[in-house]
Amino acid sequence: MRERPDTVVGRLRTVMGRERRPLILGLALVGFFGSMLFRVWRVHPRVPVVYQGDAVLSMSAIRNISLTGWYSSTDLLGVPYGQNLLDFPAVGDFLHLVGLRFLALFTDSPGLILNVFYFATFATVFLGAFAGCRLLAIRPFGAVVVAVLYTFLPFHTLHGPSHLFLSSYGAVPLWAALAVRQMGDEPLIGALPGIKLRQWHSWLRQPGHAVAIVVVVLGATTGLYYAVFMTATLLVAGLVGGLVHRSRNRFAVAWGLAGLGGFLLTLQFLPTWSYQRSVGSNAEIVDRGIHNIEYYSLKLTDLVLPVAGHRIDWMAELRAESQGLLLRGEQAEAIGLVGVVGLTAMVLVAVVRMLRGHPGGRHGGLAVVGGTAFVMATVGGLATVVGIFGFTYLRAWGRISVVVAFCGLCTVGIALEHLERRRGLRPMLVLGALVVVIGVLDTNPRVPFANYDDTAANWSNDEAFVRDIETQFGVNATIFQLPIIPFPEHPPVYRMIDYDHLRGYLHSDTLGWSYGGVKGRMSDWQQRLVGRSPTEIADGVALVGFDAIWVDRFGYGPEAAAIESALGQPNLRSPDGRHEVYDLRARRGVLVAELDVEKVQRRIDALLEPVTASYGKGFHGTETAEGRQFAWAPAKAAIDLSNPTSSTRHIRLSFFAASAVDGDWQLTLSAPSNGSRFALSAHGASIEVDIEVPADGVTLNLESNAPRLATTDPRDIRFRVFGPIVTRPIDGS
């Protein structure tokens, strides 16, 4: 049975038949330029083209998917508590995750999956850009030119597999084109239906309506940044379209589409919301600081300067000069010579049309979308304003450059369309081919990745070393990794870069690793070992149950010698000499023989489940001074001590207290088991008190006779407490 041409499926078949030739040409060009740029014949398929930094993090998520079915958790990282990424979620990337899950059905190789996904994004970005151009009525072969140039933006190659999902920006042109259409004379959706189900059914059968809904769904499920950009752009499009056309329907439709995008984004956030509602939010992850928004903002220089390492020396020097700028950002925002020409033409045409009394059109709509993107993301722009009010989770607003690039390149496509109308198809194809060659060479000066053979050698080295660990320690062994590095997002440690500790996990289905537990949660137990001697660390983690210590020598300077001096010769050393492994099983046996069972358990509890102290009733919110956290208090306040175990613990509590008004005052501490009195002044005093903490915890009450500080602050401020912290247990518990 043939589909009716006025149905969604029928219209889709008609469009695919009409667009087949330009699509084949465009995909062939993408394949050709991609092959030449990446030297794909040299790629080792099962070895990732990038084996460091965020690419390793992406592969660990792929590993989670292969082993558990989803990306968010595994028991093999963050041992003994496991990894839960709901504090560091891939919100907005549902479709990407489904794609990885699909690939994992055919192979469990994280390197192969990473490579296939990344190289596939060149096809999906081309298809998205081509479809976006066609939504704007740019002629097919002009759309091919725009889509190929958009596919090979520096953004795509410089973010690369390291930012795997960011490299999949194929939905951006779709919703950018949708926003332009909704502001123009021929919107995809003219009005929303009524509330009756029958009305919605017939409304959705309209091809334009279905296309708009699909575009929003794609935009909301292929990247958090892109989903937020889309929502903001549609809100602006609704406002502009409604005012220009004096139509409430324009408001309602665009804002309804924005609401749909926000709703889909909220649905993807629900698992994280549910998790954090049960265990509390994680300030270690959420707080990124407003300074990051400024640093990663979008600058005009980022857009118009040539890409780093340009083929022409004087153009490369222009980019090099910008390296001295204070706010350097990600350095991936360049749109290339063709994009700059298009962006300039877009602004000029939009301004001229406005001055002549003919505003709007495609140029006007593109100018609104591109201008909105720039105003949102530029230094001191709307993103900074929003950040001042506390929304700092999204920091790299410069990534909106892909929206600006699409708007500029579309202007080039429109110019080619005019040439085709005046001179015919052949001259346009000749000029279009020249523009594509110049554009791709301009924005992609070199192979963007490290030598594939060197990467393969590193991969094989790690793979063989992990196999040796499994052979010597057993496939289910647990490995404690040094140096101790919080996860995620940590600066380099000597020659180690972030996520290097995950490399071992990529090569074993069964070994357990200490690294990978999210900071701010139970994995923080490892931080209590920082600063301890190698012997103390080895004793502690051996009692906890780790079978071996893994040392990455790239994470140490001269102090690496102290580890070998304390622990002796390593039992295993990687072929490249970077990693060493020390056996803890004999050490654990000696410790267990020397200590009774109760004392062993107390030491384990002290390390894994320590008594913790927190500001309790009476204290005002926490503040920071010179890197130290404190809280002001009125005359009476309390410190809460929590004991997660079922036995009574004996601990020493330490903190620093100071009065708000200088003088000779007193601070009285009282707990069920004891009480103490200390001198207090504005200069402060270090206080230590030994406390017995039962299984259900205890409250330490503080009271001071210090007077209230005379200030405009409405709070009752009399003294402040820095800390408080629980130092080592006084009885080994």
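To be clear, the structure that these remarks concern was listed above.
Small disclaimer: the values here were computed from a predicted structure and weren't measured.

Within this structure, the stated rule accounts for 36 aromatic pairs. Between Tyr150 and Tyr169 the ring centres are 5.1 Å apart and the planes differ by 75 degrees, which places this aromatic pair in the edge-to-face class. Note that Tyr150 is positioned in helix H5 (residues 140-151) and Tyr169 in the loop between helix H6 (154-159) and helix H7 (172-183), a separation of 19 residues in sequence. Given a relative accessible area of 0%, Tyr150 falls into the buried group. When the ring of Phe480 is compared with that of Phe546, the centres are 5.3 Å apart and the planes differ by 75 degrees; the resulting orientation is edge-to-face. Of the two residues, Phe480 sits in strand E3 (residues 478-482) while Phe546 sits in the loop between helix H22 (534-544) and strand E5 (548-552), which places them 66 residues apart along the sequence. Each member of the pair, Phe480 as well as Phe546, carries the same accessibility label: buried. The ring of Phe656 has Arg628 sitting right over it, with the charged end atom 5.4 Å from the ring centre. The lysine or arginine in question, Arg628, covers the ring of Phe722, its NZ or CZ lying 4.5 Å from the ring centre.

Okay, the environment of Glu186 next. Along the chain, Glu186 turns up in the loop between H7 and helix H8 (197-204). You can call Glu186 exposed: its relative accessible area is 60%. Each C-alpha atom, one on Glu186 and one on Leu136, is 9.9 Å from the other, the two residues being 50 residues apart in sequence.

This next bit is on the sheet that holds strand E15 (residues 685-693). Strand order in the open sheet made by the five strands is E9-E10-E17-E12-E15, with antiparallel pairing throughout. Of all strands in the sheet, those with a lone pairing partner are strand E9 (622-625) and E15, marking the two edges. Along the sheet, successive strands turn relative to each other by an average axial angle of 40 degrees, direction set aside. In this structure, E9 lies alongside strand E10 (residues 628-633), joined through four bridges in antiparallel fashion. Looking at the pairing, Thr622 lines up with Ala631 of E10.

To continue, consider the side chain of Ser167. Relative to the helices and strands, Ser167 resides in the loop between H6 and H7. Residue contacts for Ser167: discarding those within four places in its chain leaves Tyr118, Thr121, Val125, His156, His159 and Gly160.

If you roll a probe as big as a water molecule over the atoms, it shows you where there is empty space left. Scanning the model with the defined rule gives four cavities of 30 Å³ or more in all. Roughly 90 Å³ of volume is contained in the largest cavity. In this structure, the second largest cavity occupies an estimated 60 Å³ of space. Taken together, Leu149, Phe152, Leu153, Ile335, Gly336, Leu337, Val338, Gly339, Leu409, Gly439, Asp442 and Thr443 make up the full set of residues lining the second largest cavity. The set of elements that each furnish at least two residues to the lining of the second largest cavity consists of helix H16 (336-355) and helix H20 (425-443). Ranked by residue count, the leading element in the lining of the second largest cavity is H16, at four residues. A per-class count over the lining of the second largest cavity returns seven nonpolar, four polar and one charged.

Moving on, we get to the side chain of His310. Here His310 is to be found in the loop between helix H14 (300-304) and helix H15 (313-321). Among the polar contacts made by the side chain of His310, one reaches the main-chain amide nitrogen of Ile312 at a distance of 3.0 Å. Those residues within four positions of His310 in sequence are excluded, and the remaining contacts are Met315, Ala316, Asp442 and Pro445.

The next point concerns the layout of surface pockets. Here the second largest pocket defines a volume of roughly 1,800 Å³. Forming the walls of the second largest pocket are 48 residues, and the residues nearest its centre are Asp524, Arg528, Pro610, Val611 and Thr612. Secondary-structure elements contributing two or more residues to the lining of the second largest pocket are helix H12 (283-286), H22, helix H25 (597-608), strand E8 (612-615), strand E12 (649-659) and strand E17 (719-726). When its residues are assigned to classes, the lining of the second largest pocket shows 22 nonpolar, 14 polar and 12 charged.

Under the criterion given, the structure shown has 26 salt bridges. The closest approach of N and O atoms between Lys299 and Asp302, which form a salt bridge, is 3.6 Å. On the basis of relative accessible area, Lys299 is assigned to the buried category, the value being 12%. Here Arg708 and Asp716 are joined by a salt bridge, their closest N and O atoms 3.9 Å apart. Taking relative accessible area as the criterion, Arg708 reaches 42% and is therefore assigned partly exposed. Connected through salt bridges with shared partners, the residues Arg553, Glu564, Arg573 and Glu580 form a single ionic network.

Here we come to the nonpolar core. Within the largest apolar cluster, 146 residues are counted, with the highest numbers of intra-cluster contacts made by Val148, Tyr150, Tyr169, Tyr226, Trp397 and Ile469. Beyond its immediate sequence surroundings of up to four residues, Trp397 is in contact with Tyr225, Val228, Phe229, Ile293, Tyr296, Met376, Ala377, Ala383 and Phe391. Within the second largest apolar cluster, 27 residues are counted, among which are Leu482, Ile537, Ile549 and Leu591.

Moving on, we come to the sheet that holds strand E16 (residues 698-704). Spatial strand order, E8-E11-E16-E13-E14: five strands in an open sheet with antiparallel pairing. Whereas interior strands pair on both sides, the edge strands pair on one side only; in this sheet they are E8 and strand E14 (675-680). Going across the sheet, the axis of each strand differs from the next one's by a mean of 20 degrees, ignoring polarity. Examined bridge by bridge, strand E11 (residues 636-642) and E16 share six bridges and lie antiparallel to one another. By the bridge assignment for E16, Ala638 is matched with Asn701.

A word on the environment of Pro427. With respect to the secondary-structure elements, Pro427 resides in helix H20. For the pair Pro427 and Met315, spaced 112 residues apart in sequence, the C-alpha separation works out to 29 Å.

Turning our attention to the pairing of strand E7 (residues 579-583). Counting buried positions along E7 gives four out of five residues, so the element sits mostly inside the fold. With five bridges connecting them, E5 and E7 associate as antiparallel partners. Among the inter-strand pairings, Ile549 is bridged to a residue of E7, identified as Tyr582. Pairing between strand E6 (residues 572-573) and E7: two bridges, direction antiparallel. By the bridge assignment, Leu572 is partnered in E7 with Val581.

The rules behind the values
Residues numbered from 1 in each chain as written. Predicted model: local features only at pLDDT ≥ 70, side-chain atom pairs only at ≥ 80, totals over all residues. Heavy atoms only, no water. Phe/Tyr/Trp six-rings, centres within 6.5 Å; stacked < 30°, edge-to-face > 60°. Helix = DSSP H or I, 4+ residues; strand = E, 2+ residues; numbered from the N terminus. Buried < 20%, exposed > 50% of the residue type's maximum accessible area, 1.4 Å probe, protein only. Lys NZ or Arg CZ within 6 Å of the ring centre and 35° of its normal. Pairing = 2+ DSSP bridges. Axes fitted to C-alpha atoms, helices over the stretch in contact; angles between N-to-C directions. Contact = heavy atoms within 4.5 Å. 1 Å grid on protein atoms, 1.4 Å probe; cavity = no way out; pocket = protein on both sides within 12 Å on 5 of 7 lines; lining within 4 Å. Points joined across faces, edges and corners; volume = space filled by probe spheres on them. Nonpolar A, V, L, I, M, F, W, Y, C, P; charged D, E, K, R; others polar. Polar contact = N/O pair within 3.5 Å; in protein donor to acceptor, adjacent residues only side chain to side chain. Salt bridge = Lys/Arg side-chain N within 4 Å of Asp/Glu carboxyl O. Core = buried A, V, L, I, M, F, W, Y, C linked by side-chain atoms within 4.5 Å.

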